[in-house]
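Here is what each chain is made of, one letter per residue.
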Amino acid sequence: MKNTYKIFTLIASVLLVFSCSDLEEDRSGILSLDNLQSDGDLVAALTPVYKQLQVTYQGFRIRTNTFGSDDLTTWWGGNKAPLRVFDGFNYGNGENADINWLDYDWKGFWKLIYHANSLVEGLKTSTAPDASKAVIEGEARCLRAIAYLSLVKVYGNLPVILDGMTPTGDEERATVLENYQHIEADLLFAEANLPAPGATANVGRVSSSVAKTALADLYLTWAGWPVKDTSKNALAATKAKEVIDMGYHSLLPIDQLWLMENANSKESILSAQYSKDEGNTGNQMPAATSFHMARGWSDMYPELQFFKDFPEGARKDASFVTDIPNRGFSGGKIITKTPATIPWAESQRFHPMYAKWTTSEDITVGPRTIGFRPIEVYRYSEVLLIYAEAKAASGSMDASALEALNQVKRRAAGLDPNTPDPSVDVTTATVNDIVTEKGWELAGENKRWFDLIRTETLEDAISRRDPNEQVPLVRQPTKDQYITPLPAEAINTSKLVQNPQGFKVQ
Amino acid sequence: MKNLKVKLFLFTISIMCTVTLFAQTSVSGTVLDANGQPIPGATVLESNNQSNGTVTDFDGNFLISVPSDGELNVSFIGFQSQTVEVSGQTNLTISLEESVSALDEVVITGYGSQVKKSDLTGSIASIGSEDFESQPLIRVDQALQARAAGVAVTQTSGAPGAGYKIRIRGANSITGNNNPLYVVDGLVVGNINNINASDISSMEVLKDASATAIYGNRGANGVVLITTKSGSKGKAKIQVDSFFGTSQVVQNIPVMTPAEFAEGVNLRDATPGKPPTIDAARIAELRAGAGVNWQDYFFRTAPFSNIVVSASGGSEDIDYYISANTYKAKATVINQDFNRLNLRANINAQLNDNLKVGINNFVSRSENTGARVNLANGIAWDMNTPPRDENGEYNSIPLVSGVGNGSNMPLLVPENNSVENISDQLITSIYANYNITDNITLNISAGIEKIDFTNSNYQHGITGPNKAVVRDQQALRLQNTNRLTYKNDNPDHAFQADLVHEQQSFEMSFREATASNFFSNSTNFKELSLAGIQNTDSGISNEKLESFLARINYSLYDKYLFTASVRADGSSKFNKDNQWGTFPSGSIAWRISQEDFLKDHPSINSLKARASFGVTGSQAVSPFSTISIPGISAANNYPFTAGVPSIGVAPSTRMANPDLTWETTTQFNIGFDIGLWSSKVLLSVDYYSKKTEDILLNRVLPEFVGPTSITQNAGEVENKGFDISLSTVLYEKDDFSVNSNFNLSANKNKVVKLVDGVDSMVLGNVYYNSTFPVNPTRVEVGQPISTFRGYHFEGVYQTGATDGTPGHAKYRDLNGDNQITSEDIGNIGDGNPDFTWGWNLNFDYKDLNLNMVFEGAQGNEIYNFQRMKMMGLGSAQFHAVHADFLDSWTPDNPSNTIHAGTQAARDANQWLSSQFLEDGSYTSLRSASLTYDLKDVLNDFGIEQLKVFVNAENLFIITDYSGFDPVSTASGNSDVDLGIDFNAFPISRSFSVGFNLTF
């Protein structure tokens, strides 16, 4: 019995010595985001917001839902079925909500909004300097607004998810008007708190001109379909004019514009940055716009009618490739075959290609052409054209608005934009003229579709489609095709109501 | 106590009486097993006077006084009892055959407890080494396959050394871990991948709650107890076992000829007024024999070899078992090699009468090398382009660009990239067992498991931008178990009680280095400093568990058996308030055959009814699941100045849930065991019903919420089913015997509830995001966990159809809105079998043995995305290669199963549809071995035994499934994406020869 007692004592002491002192997780290896203290903390939390801009703009897929536009078509073959759905208007009553790539911008921009919301929320308890906090909040809200605006333009009204909310997934869609209102509030805050363009060395970060440009874009959109509040035209003009009057931005010579070395020039208002130092990811725009024979993916190229209508001149030369590179891939390198190029009409896809991204392409990295030039989100020429259109639409066309339009036209002709030239200058311009000019100026840049639906001219544009286009039209578009179906999986996992039933304007 | 003394007194008197009444002779002897090893502890009784008896000592010796014309009855657990006539002899050598009757087998029930099978109250499947020794095995889980009712063992991959998926009575949790708990010699281990099957002495699969509840915290998925061999006293035994052979994939998938492929390309790409993609001259060349069937390049006849050398034995106080094993195999898929090496030493020492200590030591290394060809893309690649041109240089891309699919020539990756995955595992456990009194035993054990993974791969510049990734991961598990056992020695009221305290900790850390822009490919991942860009990543996690367990076994008159246990577990994975879970269980068994009315029944020699009920838990979520973890990686960095990216810290992709707690499974089990005709027929039938609640669900959130997932305790899953096992001696006469062991498992899995107000959830998001815009499976209330989603394919519109384009696929309009929209996606099937079965058939004729293992599943469906891809569909696939494409619809070939091959018909086709759903039922001859025992032939050479054998694995698989085989799957270990075939590693058919040599 004595022995037994000893043993029990031994057990007890073993338990005491080796027992886990507590059952808590050691979380010392996990960084906490709850306390943003220094400027460094703020930038670290801001970085992922920009990252989502980069990710979402990385390829052509942000344009998937806008392939109905007359400046875009795709390959009649391969895996381009999702693009053909939109190019041929095979949607509008909920069908094809379950195709690939449809949700690309949906995912990318919602994630941007989440990152921005978390940052803005974190700033409320941050002990960082107030001046820094205001700028950072301005940046986060500016990008959040741009992301929201992009989504609302494509999908229509969306749930309102802003900082300070704890969404559960049961939220329902607001109205388009309500979405415009919180986008406007964000941009007004950003405009007031962001530094002037050129004020920081960080070329990729947003300035007050980005907020003003986005406001001009928002107001112009607000004035058109679907809300059609034409009083917003004047506001669009005001904001565009403020950007012009800053005097910071200017137009580059058109043959210089798309060069690698002219990235982040004064023409660029906002662009997504890509760096070789990130590895070899880059952006996919050169591959998306190149045919397979040029070591691309044949994703997007101009429709024939659009190309035919495009005025000849320096801008057309800078915008399109008409001699298609004939390349192969061997021994880990892209090689040029003989002949080195093939005229577009006999080429693999029987279309010209866009040159805006291939001008700066890098064909030394891997099996496909790739890009490291920043992707333009807003360029100064767009501001000039928004100004001209908003003035025309609000019935207050004047010399300054004509000058803005003419600067774009002069530059397109290879002339000095600031020197009047009667051979290209116009003395009158309708909204339609300006929208058409904008289509050419910003061809392929994810703008044309929104101009066509905003001004309700999509039907006209498509009625002129070249019958030789290979992708068949399933139907002539109507208003039913102005809004994209919401991604099927988003519908499956939430209480959102699919378009068109869930589409509520105001 | 008083009573006992009286009995002892009477017993002594009666012995004295017998001595005075009969002429006695003193008989000594030795009891040996079939291998000539002494059997200590065997009972030797006088047949006509059961009160006269003794037990053998450590050397198997006994001494007994019996009438000279009497008979002795010798018995020992696990052996057939034998009756020997004394016939005047004074020295007997009695050799006992191992028991055919499984009823006397000892079954290990966990935490040191050993119970005779006849005394079991819970549902436990027991497999001894003799059950699988005639099948050449590499892995432990192979030995379980087809041998235990209620245990579904699936070979999800044909890669050598790849793990099997094991589910015991269905999947309880949905997204949580459903793997059983593996306990090797009392120590919980992370995996059993490297353990050598020939080191196994026995395996017990604990199925019902009364058996598993003692492993409360992780018992819910069932427990596999593995006991490794130990030495037995006597002459040292040296054994060499070896086999070698070759493997091949079971079948290739039929493809078109290259010329037919080219015609298909032209049909699909047809553009009015434009030349065809592949010109007529080339098609003529293809017809003359140019072109490629890619499967010819991907598969090979692959050799493998395995050798095990072991030595075992023991002296009075010490026994030992040591073994070494090396296994080398090439895979049936090119450039995939696997090597495994392991060593084991098990040593036990009886230090004194009361104290025994021991150590089990296991170290192993396994290596997987070679970059694997992507079968999904590779098989569907351009058949017009040979891998090399006339100069022997690679054709890296199709001769005609844009043909086949978007990948590079499939051989570039396996022939140039480097992959090396190394896993080192160390398992060491020690114990001390101390008999404090005759009735009380203390057992203290401690163990360490260390697993290190080193995964290195290098992407060669010829395939794309060069890049190396090296990841080192280290895991350490520590376990300490302290057990106090009380056991009485009253046969009428056998009582045992155990108290256990246990603590475990698990730490994991990894470091990963990614390097790119190497200026040379020559050193691949072995010299990362040569890279222009170098990134690192790291992580660390930890978890702790503390548990208390009490268990009682009580047996009344050896007829009524009771077991009860309660276990309390605390886990660090949950926050303080939710940390502890309590898991009780109880079971009862009635040995009806011990009752008087059945005792001497001519045909029923055993009958037992069992019932059990209990609760087990699961904490199968990753550490840190209650909190949200910020995203820190290159995926959140951004180059503000177009140069070196800034470091970003993103909010968590998972929503925090501080309320997370135990998932619990309540199980009810009822069953009976019956033995007929001297146990020639043994039947066990169990019915069970399991309910899992507060399931640890990884729920997908819609994108606008921000975090894309949350782990919640929500929902309820039900598993109900039968396990039936039937072992019969079909024939036994003279030199010939036939034994059969059949088992059948039927499990019905149903989701009873999900998050409140939600009828269905998308949970298996492996394919969603990457391959499909809508996940091919979902979890829906009222359905099995994984339900296939898709359009209902209803054939092909024929010429003259007014409601659709002729040649286009026709789908069911579920909501009747006259449009095919995503609303028409419905449930089209599921990957759960109605039942699975295994059948082990053993023929013995003289020195020949034939062992066959059949295995099958019935009623499961497979989503054949491999075929979908080969039909030229799916993302990044441009053209068809599958032979079925030849039967595509044309006006002259009004196929109703395959739509037209044109681009328009392809665009109108839905990949997610019942067109690609197939019946996955199968019957296979998993293994067949013929063994010849050369027995005594070689005695003169000092060889005790030599057996030679030939074996075939997967000699046939009978199935309607059109893929490589119905077994391998892309779903791996997942239960939410069950039954998906896409880029799976096909299983193989193999032939081998081997021998077992004993000195």
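Model, not experiment: these values are computed from the prediction.

A.B. asks: Please clarify how the overall build of chain B should be interpreted in this entry.
C.D. replies: Assigned secondary structure in chain B consists of 12 helices and 51 strands. The C-alpha radius of gyration of chain B comes to 32 Å, within 12% of the 30 Å expected for a compact globule of 999 residues. Viewed in the frame of its principal axes, chain B has a C-alpha envelope of about 120 × 65 × 65 Å.

A.B. asks: Help me understand the overall build of chain A, please; the structure alone is not making it clear to me.
C.D. replies: Of regular secondary structure, chain A possesses 17 helices and eight strands. Taking 23 Å as the expected radius of gyration for a compact globule of 506 residues, we find that chain A reaches 26 Å, a close match to that expectation. Dimensions of chain A, computed from C-alpha atoms along their principal axes, come out at roughly 115 × 55 × 45 Å. The proportion of buried residues among the 506 residues of chain A is 59%. Counting contacts in chain A only where the partners sit at least 6 residues apart, residues at least 24 apart contribute 69% of the total.

A.B. asks: Any chance you could explain the environment of threonine 54 of chain B here in plain terms?
C.D. replies: Residue and element names in this part refer to chain B. Turning to its location among the elements, threonine 54 is positioned in strand E3 (residues 49–55). Overall, threonine 54 belongs to the partly exposed group, with 14 C-beta atoms counted inside 10 Å. The spatial distance from the C-alpha of threonine 54 to the C-alpha of arginine 372 is 64 Å, given a sequence separation of 318 residues. If sequence neighbours within four positions are ignored, threonine 54 has contacts with Val44, Phe62, Leu63 and Ile64.

A.B. asks: I keep staring at the interface of chain B and chain A and nothing clicks. Help me out?
C.D. replies: In many reports, interface size means the accessible area that the parts give up when they come together. Counting residues at the interface gives 81 residues for chain B and 89 residues for chain A. For the side of chain B that touches chain A, the secondary-structure elements that each account for two or more residues are helix H5 (258–269), strand E23 (440–459), strand E24 (467–487), strand E25 (493–518), strand E26 (531–556), strand E27 (560–571) and helix H12 (903–907) of chain B. Among the elements that line the side of chain B that touches chain A, the one with the most residues is E26 of chain B, at five residues. Partitioning the side of chain B that touches chain A into residue classes produces 38 nonpolar, 34 polar and nine charged.

A.B. asks: So what exactly am I meant to see when it comes to the pairing of strand E1 (residues 24–32) of chain B here?
C.D. replies: Two faces make up the sheet, and in a regular strand the side chains alternate between them. Residues and elements named next belong to chain B. Pairing geometry for E1 and strand E4 (residues 61–67), over seven bridges, is antiparallel. Within the sheet, the bridge partner assigned to valine 27 lies in E4 and is isoleucine 64. Sheet analysis places E1 next to strand E7 (residues 91–95), joined by five bridges and oriented parallel. The partner of leucine 32 across the bridge, within E7, is serine 95.

A.B. asks: Just to check I follow, could you spell out the confidence of the model for chain B for this structure?
C.D. replies: Residues shown with low pLDDT carry predicted positions that ought not to be read at fine detail. Residue and element names in this part refer to chain B. On average, residues of chain B carry a pLDDT of 86, and 96% of them reach 70 or more. Confidence drops under pLDDT 50 across residues 4–22; counting only partners more than four residues distant or on other chains, this segment forms eight contacts. In the predicted complex, the global pTM is 0.84; the interface-specific ipTM is 0.91.

A.B. asks: Help me understand the pairing of strand E31 (residues 663–676) of chain B in this model?
C.D. replies: Residues and elements named next belong to chain B. Bridging between strand E29 (residues 604–618) and E31 involves 14 bridges; their strand directions are antiparallel. Residue pairing in the sheet places alanine 611 in a bridge with isoleucine 670 of E31. For E31 and strand E32 (residues 681–693), the ladder comprises 13 bridges, and the chain directions are antiparallel. Residue pairing in the sheet places leucine 676 in a bridge with valine 681 of E32. Turn length for the E31-E32 hairpin, with the two strands adjacent in sequence and antiparallel, is four residues, and the turn residue tryptophan 677 shows positive phi of about 50°.

A.B. asks: Just checking my understanding: could you explain unusual backbone geometry for this structure?
C.D. replies: Trans peptide bonds make up the majority, and among non-glycine residues the majority have a negative phi. Of note, the bond from tryptophan 225 of chain A into proline 226 of chain A is cis; its omega dihedral lies within 30 degrees of zero at 5°. Summarising the element assignment, proline 226 of chain A is placed in the loop between helix H7 (208–223) and helix H8 (232–246). Positioned with a positive phi, arginine 295 of chain A is a non-glycine residue whose angle comes to about 65°. Its location among the elements puts arginine 295 of chain A in the loop between helix H9 (285–289) and helix H10 (304–309). Even without glycine at this site, arginine 169 of chain B takes up a positive phi of about 55°. Here arginine 169 of chain B shows up in the loop between strand E12 (165–168) and strand E13 (181–184).

A.B. asks: Would you take a moment to explain the sheet that holds strand E50 (residues 980–981) of chain B for this structure?
C.D. replies: Adjacent strands of a sheet pair through backbone hydrogen bonds, lying either parallel or antiparallel. Residue and element names in this part refer to chain B. With respect to topology, three strands assemble into an open sheet ordered E46-E45-E50, the strand pairing being mixed. Of all the strands in the sheet, just strand E46 (917–919) and E50 have a single pairing partner and so form its edges. In terms of strand pairing, strand E45 (residues 861–864) meets E50 through two bridges, oriented parallel. Bridged to tyrosine 863 within E50 is isoleucine 980.

A.B. asks: For this particular structure, what's the right way to read the nonpolar core?
C.D. replies: Nonpolar side chains in soluble globular proteins generally cluster together in the buried interior. Judged by nonpolar contacts, the single largest core of 277 residues is most densely connected at Cys142, Leu143, Ala214, Ala236, Tyr387 and Ala388 of chain A together with Ile226 of chain B. Broken down by element, the residue count for this core peaks at 13 residues, all from helix H5 (residues 130–155) of chain A. Residue contacts for isoleucine 226 of chain B: discarding those within four places in its chain leaves Val140, Tyr182, Val183, Val184, Ile192, Ile200 and Met203 of chain B.

A.B. asks: Looking at this model, I keep getting lost on the packing of helix H2 (residues 39–56) of chain A against helix H4 (residues 104–123) of chain A. Mind explaining?
C.D. replies: Two packed helices can be described by the angle between their axes and the distance between those axes. Residue and element names in this part refer to chain A. Running from amino to carboxyl end, H2 crosses H4 at an angle of 165°, the nearest separation of the two axes being 9 Å. The angle between H2 and H4 places the two elements in the roughly antiparallel class. Remark: the crossing between H2 and H4 carries left-handed chirality. Every residue of H4 that contacts H2 at Ala45, Leu46, Pro48, Val49, Gln52, Leu53, Val55 and Thr56 is listed here: Asp105, Gly108, Phe109, Lys111, Leu112, His115, Ala116, Leu119 and Gly122. In terms of residue class, the contact of H2 with H4 is built from 10 nonpolar, five polar and two charged.

A.B. asks: Where do I start with H5 of chain A in this structure?
C.D. replies: Compared with the 38 Å implied by 1.5 Å per residue over 26 residues, the 36 Å span of H5 of chain A between its first and last C-alpha is a close match. A positive backbone phi angle near 85° is found at glycine 156 of chain A, which sits one or two residues after H5 of chain A.

A.B. asks: Looking at this model, I keep getting lost on helix H6 (residues 176–193) of chain A. Mind explaining?
C.D. replies: Structural remark: α-helix, 3.6 residues per turn; residues separated by three or four positions point the same way. All names here are of chain A. Compared with an ideal rise of 1.5 Å per residue, which puts 18 residues at 26 Å, H6 spans 26 Å between its outermost C-alpha atoms and is within 8% of the ideal. Listed in full, the buried residues belonging to H6 are Val176, Asn179, Tyr180, Ile183, Asp186, Leu187, Ala190 and Glu191. Buried residues of H6 fall within an arc of 135° about the axis and therefore sit on the same side. Along its buried surface, H6 packs onto H5 and H7.

A.B. asks: Help me out: how do you make sense of the sheet that holds strand E30 (residues 654–655) of chain B in this one?
C.D. replies: Residue and element names in this part refer to chain B. The sheet built from three strands is open, its strands ordered E30-E34-E33 with mixed pairing. Edge strands, defined here as strands with exactly one partner in the open sheet, are E30 and strand E33 (696–700). Pairing of E33 with strand E34 (residues 709–713), which is carried by five bridges, proceeds in the antiparallel orientation. In the sheet register, arginine 699 faces E34, and the bridge partner there is isoleucine 710.

A.B. asks: Help me understand the packing of H7 of chain A against H8 of chain A in this model?
C.D. replies: Residues and elements named next belong to chain A. Here H7 crosses H8 at 160°, and the two axes come no closer than 8 Å. On the basis of their axis angle, the class for H7 and H8 is roughly antiparallel. The way H7 lies across H8 gives a crossing that is left-handed. Along its contact with H7, which presents Ser209, Lys212, Thr213, Leu215, Ala216, Tyr219, Leu220, Trp222 and Ala223, the element H8 presents Lys232, Asn233, Leu235, Ala236, Lys239, Ala240, Glu242, Val243 and Met246. Here the residues of the contact of H7 with H8 sort into 11 nonpolar, three polar and four charged.

Scoring rules and cut-offs
- Residues numbered from 1 in each chain as written.
- Chains lettered and ligands numbered in written order.
- Predicted model: local features only at pLDDT ≥ 70, side-chain atom pairs only at ≥ 80, totals over all residues.
- Helix = DSSP H or I, 4+ residues; strand = E, 2+ residues; numbered from the N terminus.
- Rg over C-alpha atoms; globule rule 2.2 N^0.38 Å.
- Buried ≥ 20, exposed ≤ 12 C-beta atoms within 10 Å, placed from the backbone.
- Contact = placed C-beta atoms within 7 Å.
- Nonpolar A, V, L, I, M, F, W, Y, C, P; charged D, E, K, R; others polar.
- Pairing = 2+ DSSP bridges.
- pLDDT = per-residue confidence, 0-100.
- Core = buried A, V, L, I, M, F, W, Y, C linked by C-beta atoms within 7 Å.
- Axes fitted to C-alpha atoms, helices over the stretch in contact; angles between N-to-C directions.
- Parallel < 35°, antiparallel > 145°, perpendicular 65-115°, else oblique.
- Left-handed = near helix turned anticlockwise from the far one by under 90°.
- Expected span 1.5 Å × (residues − 1).
- Arc of directions from axis to C-beta.

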